[in-house]
Amino acid sequence: KSIFYILDISISYIKKVQKEARVMTLDYYRIFYYVAQYQSFSKAAAALFISQPSLSANVKRVENRIGYPIFDRSTKPLQLTEVGKHYIQAVEKVMDIENNLENYLLDLGNLKTGTLNVGGSNFFSSWILPPLIADFSQKFPHVQISLVEESTAKLSQFLQAGKLDLVIDNCILDNQIFERYIHQI
């Protein structure tokens, strides 16, 4: 029993450290990017709202980890070393990927992109959904709509399995599994 408890604590600790490491890595990237842009530790620290000694310690920690200096501290203004130039290029790529992901998630949340998987029974798919889908597509042209026409039992299975985002039907599904919204015109 105590071995499982220790194992559980160890796994939790590892997951916590891994999550912190990912966040810290992105913070380190921003630090290096700002130092390279401002060519100054103090100006970068001010722009990032952190202390200059903390910023310098973070830079030194990464330089020690990779085994090479990133900044040439003997020049004014601060310059990148050859390794530093490659490091900053990699940092810019990672930051670009992060920005693209953030933009995609914002677009997805604002219905500017994505796919909506809708299910409907025969009657709803033939008579009710076409004008609703046309209106939706006009308002949100970059959202792809996939329509599945099936029996209520199949639609319920697909919804529960995550294959559908929404089911429009006149049957009542299990309230313990599904949320229900009734729209009255």
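Everything numeric here is computed off the predicted structure, so don't read it as measured data. (Residues numbered from 1 in each chain as written. Predicted model: local features only at pLDDT ≥ 70, side-chain atom pairs only at ≥ 80, totals over all residues. Heavy atoms only, no water.)

Visitor: Help me out: how do you make sense of the overall build of the protein chain in this one?
Guide: Counting its regular elements, the protein chain contains six helices and five strands. Along its sequence from the N terminus, the protein chain presents helices and strands in the succession α-α-α-β-β-α-β-α-β-α-β. Out of the 185 residues belonging to the protein chain, those deemed buried represent 24%. Sequence separation of at least 24 residues holds for 52% of the intrachain contacts in the protein chain that already meet a minimum separation of 6. Total accessible area on the protein chain stands at roughly 13600 Å², and carbon and sulfur atoms take up 57% of it. (Helix = DSSP H or I, 4+ residues; strand = E, 2+ residues; numbered from the N terminus. Buried < 20%, exposed > 50% of the residue type's maximum accessible area, 1.4 Å probe, protein only. Contact = heavy atoms within 4.5 Å. Areas by Shrake-Rupley, 256 points an atom, 1.4 Å probe, with all protein chains shown as cover.)

Visitor: Got a minute to help me understand the packing of helix α2 (residues 41-48) against helix α3 (residues 52-66) in this structure?
Guide: How two helices pack is summed up by the angle between their axes together with the distance between the axes. Viewed as axis vectors pointing N to C, α2 and α3 meet at an angle of 110°, and their least axial separation amounts to 9 Å. It follows from the interaxial angle that α2 and α3 lie roughly perpendicular. Within the contact between the two elements, α2 uses Phe41, Ser42, Ala44, Ala45 and Leu48 and α3 uses Gln52, Leu55, Ser56 and Val59. Class assignment of the residues belonging to the contact of α2 with α3 gives a composition of six nonpolar, three polar and no charged. (Axes fitted to C-alpha atoms, helices over the stretch in contact; angles between N-to-C directions. Parallel < 35°, antiparallel > 145°, perpendicular 65-115°, else oblique. Nonpolar A, V, L, I, M, F, W, Y, C, P; charged D, E, K, R; others polar.)

Visitor: Quick question: what am I supposed to make of helix α5 (residues 122-139) here?
Guide: An α-helical turn contains 3.6 residues, so a residue and the one three or four places further along point in the same direction. Between its first and last C-alpha, α5 extends 25 Å over 18 residues, near the 26 Å set by a 1.5 Å rise per residue. All of the buried residues along α5 are Phe124, Ser125, Leu129, Ile133 and Phe136. Close packing links the buried residues of α5 with β3 (114-120), β4 (143-149) and β5 (166-168). (Expected span 1.5 Å × (residues − 1).)

Visitor: Looking at this structure, I do not really get α3. What am I missing?
Guide: The terminal C-alpha atoms of α3, which comprises 15 residues, lie 21 Å apart, in line with the 21 Å expected from a rise of 1.5 Å per residue. Within α3, the full set of buried residues consists of Leu55, Asn58, Val59, Val62 and Glu63. Taken around the axis of α3, the buried residues stretch over an arc of 135°, which confines them to a single face. Relative to its buried face, α3 has exposed residues pointing more than 90 degrees away, namely Pro53, Asn64 and Arg65. At the N-terminal boundary of α3, the capping side chain belongs to Ser51, with an oxygen 3.2 Å from the backbone nitrogen of Ser54. Just past α3, the residue Gly67 takes up positive phi, approximately 90°. (Arc of directions from axis to C-beta. Polar contact = N/O pair within 3.5 Å; in protein donor to acceptor, adjacent residues only side chain to side chain.)

Visitor: Hey, could you run me through a nonpolar patch on the surface in this one?
Guide: Taken together, the side chains of Phe123, Trp127, Ile128 and Leu132 define a hydrophobic patch exposed on the protein surface, amounting to about 450 Å² of accessible area. For Leu132, the location among the structural elements is in helix α5. When its relative accessible area of 45% is taken as the criterion, Leu132 is described as partly exposed. (Patch = residues over 30% accessible without salt bridge, like charges linked within 9 Å, V, L, I, M, F, W, Y side chains within 5 Å. Salt bridge = Lys/Arg side-chain N within 4 Å of Asp/Glu carboxyl O.)

Visitor: Sorry if this is basic, but what is going on with unusual backbone geometry here?
Guide: Excluding glycine, most residues fall at negative phi; most peptide bonds, likewise, are trans. The amide bond that connects Lys76 to the next residue, Pro77, takes the cis arrangement and shows omega of -5°. Looking at the secondary structure, you find Pro77 in the loop between β1 (71-72) and β2 (79-80). The residue Gln39 is not glycine, and still its phi comes out positive at about 55°. Inspection of the secondary structure puts Gln39 in the loop between α1 (2-38) and α2. Positive phi, close to 60°, is recorded for Phe49, a residue that is not glycine. Summarising the element assignment, Phe49 is placed in the loop between α2 and α3. Since its relative accessible area comes to 77%, Phe49 is described here as exposed.

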